Amino acid sequence: MASLPFSATIVAPAVAFSCGDLNIRDGSVFGKAIFSRKLIKKRELSIMNVATKSPVVAPPLRREVTVGDDRRKLAAWTSVQQERWEGELLVEGEIPLWLTGTYLRNGPGLWHLGDYNFRHLFDGYATLVGLHFENGRLVMGHRQVESDAYKAAKKNNKLCYREFSEVPKHDNFLSYIGDLANLFSGASLTDNANTGVVRLGDGRVVCLTETIKGSIVVDPNTLDTLGKFEYTDSLGGLIHSAHPIVTDTEFLTLLPDLVNPGYLVVRMDPGTNERKVIGRVNCRGGPSPGWVHSFPVTEHYVIVPEMPLRYCAQNLLKAEPTPLYKFRWHPESKGYMHVMCKASGNIVASVEVPLFVTFHFINAYEEKDEDGRVIAVIADCCEHNADATILDKLRLHNLRSYSGKEDVLPDAK
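Here, residues in each chain are numbered from 1, in the same order as that chain's written sequence. A pLDDT threshold of at least 70 governs which residues receive local features in this predicted model, and a stricter bar of 80 or more applies before side-chain atom pairs are shown or counted, although totals over entire chains, interfaces and linings include all residues. Excluding hydrogens and water, the side-chain figures rest on all heavy atoms present in the structure.

This part is about the packing of aromatic side chains. For Phe, Tyr and Trp, rings pair up if their centres lie within 6.5 Å, where Trp contributes its six-membered ring, and each pair is then called stacked (planes under 30 degrees apart), edge-to-face (over 60) or tilted (otherwise). Inspection of every chain in the model, using the stated rule, returns 11 aromatic pairs. Between Phe164 and Phe327 the ring centres are 6.4 Å apart and the planes differ by 45°, which places this aromatic pair in the tilted class. Of this pair, Phe164 sits in the loop between α3 (148-156) and α4 (173-185) while Phe327 is found in strand β18 (residues 327-329), placing the two residues 163 residues apart along the sequence. With respect to burial, Phe164 and Phe327 carry one shared label: buried. A connected cluster of aromatic rings, assembled from ring pairs, spans Phe122, Phe164, Trp291, Tyr311, Tyr325, Phe327 and Phe359. Criterion for a charge above a ring: Arg CZ or Lys NZ at most 6 Å from the ring centre, at most 35 degrees from the ring normal. For Lys326, the ring lying beneath its charged end belongs to Phe164, and the centroid distance is 5.6 Å. Starting at the N terminus, helices and strands are each numbered in turn, a helix being any DSSP run of H or I of at least four residues and a strand any DSSP run of E of at least two. For each residue, the accessible area found with a 1.4 Å probe, counting protein chains only, is set against the maximum for its type, and the residue is called buried under 20%, exposed over 50%, and partly exposed in between.

What follows is the structure, encoded as structure tokens:
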């Protein structure tokens, strides 16, 4: 089964949400649901039998579902019905009382504009989901991340920025030329932060995608969009890894260099917006750097993967997507793993590995000898058998063709 490039984070206990699909006036505070009284009268509501006053809970809608009911079968790949939703969920079984806090998850959740439907899973506009656990109860909410791309699309009812496989339709040749100029400056690239969500060491929560401009700060309590995360350094660039490595003490990411093929490895300290260069890795093969959707880190080392699925400027310029979208498969360029010392920025190993295609690294660790010296660095990833067509298999029509029998995605290892 393929792994999909969306991520989640857990934050400190946060504000929960009010009930069902009722209209919310100004949000809600856990234990004090805020909603329209007029709408309450139209629903049958149930109150949980607890010692303290609890918010009103809207029971789940019940309807008959037949085998051919596509609404039920395709729920995972259909757009959210509301821009904002909040509600307490009915729990089957019990949630441990010690489980307290908020779980955040971010990924594409809106795949259409009016009557126009997007083609690819990765095109969907970001939907931030929050699950709040407290006193054995579970409250859920979701919000659309208000990127410039999403707001422009909503206002104009059409695509206005370049998404993963979607390009805005041009009214004439001059507008096409203008779009190309904006592409090179990065102005026409999307800021649709639909790929990850991280909690920085200073407590700020940021939604991310592979464009640097698509770094957006959100409120973990209300899920509201607060604004852009602006980097204060002068490193520039248009893209970075969609999945940085974040701890309480540091933020590590990779900046691919599309002009002089390679990668900058950078660190950002908590409480700052300034990235500092640890070191640089030059590519050993190919005309451009390999795609770095994610990368692994150990206690002492950053592992920089150089995948033969490489960024391709020619494909980026095309009005209609190729099967590999913004990339091209270069098996002749081979695959490599580069190991950089976090402290010095020196490359301590650069080894050729079998051809590989991966979205996500799962784990990384160091093996040491009896004297405590590092003798090996191990990195685990979800690898798609060096088959770059996994990208095209994530088209929505393919995902929606699943009938409950054979998997529509190839196995990974």
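Quick look at the environment of Asn221 now. Assignment of secondary structure puts Asn221 in the loop between β10 (216-218) and β11 (225-228). Overall, Asn221 belongs to the partly exposed group, its relative accessible area being 26%. Note: C-alpha distance between Asn221 and Thr102 (119 residues apart in sequence) is 8.2 Å.

If you walk across this open sheet you meet the 3 strands as β16-β19-β20, and the pairing is antiparallel. Each edge of the open sheet is held by one strand with a lone partner, namely β16 (301-306) and β20 (347-353). This sheet shows a mean twist of 15° between the axes of neighbouring strands, independent of strand direction. Each pair of strands is called paired provided DSSP finds at least two bridges between the two strands. For β16 and strand β19 (residues 335-341), the ladder comprises 6 bridges, and the chain directions are antiparallel. Of the residues in β19, the one forming a bridge with Pro305 is Met337. Throughout, an axis means a line fitted to C-alpha atoms (over the contacting stretch in the case of helices), and angles, computed between N-to-C directions, take values from 0 to 180 degrees.

Spatially, 4 strands are ordered β12-β13-β14-β15 in an open sheet, and the strand pairing comes out antiparallel. Strand pairing shows two members of the sheet lacking a second neighbour, β12 (245-246) and β15 (275-282), which therefore form its edges. Strand direction decides the pairing type here: strand β14 (residues 262-268) and β15, joined by 7 bridges, are antiparallel. Residue pairing for β15: Leu264 is matched across the bridge by Arg280.

Moving on to the pattern of salt bridges. Salt bridge, as used here: a side-chain nitrogen of Lys or Arg that lies within 4 Å of a carboxyl oxygen of Asp or Glu. Evaluation of the coordinates by the stated rule reveals 21 salt bridges. A salt bridge links Lys368 to Glu299; its shortest N-O distance comes to 4.0 Å. Of the two residues, Lys368 is situated in strand β21 (residues 358-368) and Glu299 in the loop between β15 and β16; the sequence distance between them amounts to 69 residues. Lys413 is the salt-bridge partner of Glu383, the closest N and O atoms lying 3.9 Å from each other. Of this pair, Glu383 sits in strand β22 (residues 374-383) while Lys413 is found in the segment after α6 (396-399), placing the two residues 30 residues apart along the sequence.

The backbone phi angle of Asn157 is positive, close to 55°, even though this residue is not glycine. Note that Asn157 resides in the loop between α3 and α4. The backbone of Ala386 shows a phi angle near 50°, a positive value even though the residue is not glycine. Within the fold, Ala386 resides in the loop between β22 and α6.

Counting through the fold element by element, His240 comes out in the loop between β11 and β12. Residue contacts are defined here by distance: any two heavy atoms, one from each residue, within 4.5 Å place the two residues in contact. Ignoring any residue separated from it by four or fewer positions in sequence, one finds His240 in contact with Leu208, Thr209, Glu210, Thr211, Ile212, Ser215, Tyr231, Thr253, Leu254, Leu255 and Pro256.

On the secondary structure map, Ser215 appears in the loop between β9 (205-208) and β10. With sequence-adjacent residues up to four places away left out, Ser215 is seen in contact with Val206, Cys207, Leu208, Lys228, Phe229, Tyr231 and His240.

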